[in-house]
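# Coordinate inspection notes
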Amino acid sequence: MFKIVVLISGGGSNLQSIIDTVSTSKVGYEISCVIADRECYGIERAQNNHIETKIFDRKILKKDISKKIDEYLGDGIDLIVLAGFLSILDEEFINNRRGRIINIHPSLLPKFGGPGMFGMRIHRAVIEAKEYESGCTVHYVDAGVDTGEVIEQNRVKVEAEDTEETLQKKVLVEEHKLLPKAIEQVLDKLK
Ligand code: GRF
């Protein structure tokens, strides 16, 4: 049985999609722990499902957050899933766990990624650019921001009447399908 860890900073709806997949279908992994960089609703979701949780406060730890997470995780983890985790992990952490960290991003990378591209800013930028499609991407994490190899993408149509809010909702629906699928795909390759 593979062991995965999910890192979050917010509501944790993507975390929920993994929890739901684990509880409703036969998967070859379990969620060992959920880590957050601040108090957030996602932590409650994990606790409601009896999953171990740990908060490493980004405001207190600042640049030491990667080191603390690394020490806490040790060696037994097969995959780290960043699901709305807003802290930047340092290069040493990423290089030591290369191929074993993935991230979900709510745009069709390489479009609308990079520093400062998070949350509603992404969907606003897509609307302003008059894109006719958007979507979400699961990718491996490398030392850049949103630059790692793409694993899988789901697409949505941007309609003339879409606002940043409606687009965010549409993309989120796809994120919840994409993330559990991509996790299985990545773990399959580690078999
Ligand atoms: C998602 O849109 C994810 O792609 C992005 O942050 C958001 C997190 O949402 N990285 P949630 O906390 O999973 O609801």
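See the structure shown above.
Residues numbered from 1 in each chain as written. Predicted model: local features only at pLDDT ≥ 70, side-chain atom pairs only at ≥ 80, totals over all residues. Heavy atoms only, no water.

Here the focus is the site of the ligand. Taken together, G10, G11, G12, S13, N14, G84, I104, H105, P106 and E175 form the complete shell of residues around the ligand. Between S13 and the ligand, the recorded distance is 2.6 Å, taken from a side-chain N or O atom to an oxygen atom. The contact in question runs from an oxygen atom of the ligand to an N or O atom on the side chain of E175, over 2.5 Å. In the complex, the protein chains occlude 77% of the 370 Å² of accessible area that the ligand would expose alone. One can see that the ligand is located within the largest pocket. In terms of residue class, the shell around the ligand is built from 2 nonpolar, 7 polar and 1 charged. (Near = heavy atom within 4 Å. Polar contact = N/O pair within 3.5 Å; in protein donor to acceptor, adjacent residues only side chain to side chain. Areas by Shrake-Rupley, 256 points an atom, 1.4 Å probe, with all protein chains shown as cover. 1 Å grid on protein atoms, 1.4 Å probe; cavity = no way out; pocket = protein on both sides within 12 Å on 5 of 7 lines; lining within 4 Å. Sits in = over half its atoms within 2 Å of the grid points. Nonpolar A, V, L, I, M, F, W, Y, C, P; charged D, E, K, R; others polar.)

The next thing to look at is the pattern of salt bridges. Per the counting criterion, the structure on display carries 11 salt bridges. Across the salt bridge formed by D70 and R97, the nearest N and O atoms sit 2.8 Å from each other. Taken as a pair, D70 in helix α4 (residues 65–73) and R97 in the loop between α5 (91–96) and β5 (101–105) lie far apart in primary sequence, 27 residues in all. (Salt bridge = Lys/Arg side-chain N within 4 Å of Asp/Glu carboxyl O. Helix = DSSP H or I, 4+ residues; strand = E, 2+ residues; numbered from the N terminus.)

Glancing now at α4. Taken together, the buried positions of α4 are I65, S66, I69 and L73. Across the axial projection of α4, the buried residues extend over an arc of 100°, all falling on one side. Residues of α4 that are buried sit in contact with β1 (2–8), β2 (29–36), α3 (58–61), β4 (79–82) and α5. G74, located one to two residues past α4, shows a positive phi value of around 60°. (Buried < 20%, exposed > 50% of the residue type's maximum accessible area, 1.4 Å probe, protein only. Arc of directions from axis to C-beta. Contact = heavy atoms within 4.5 Å.)

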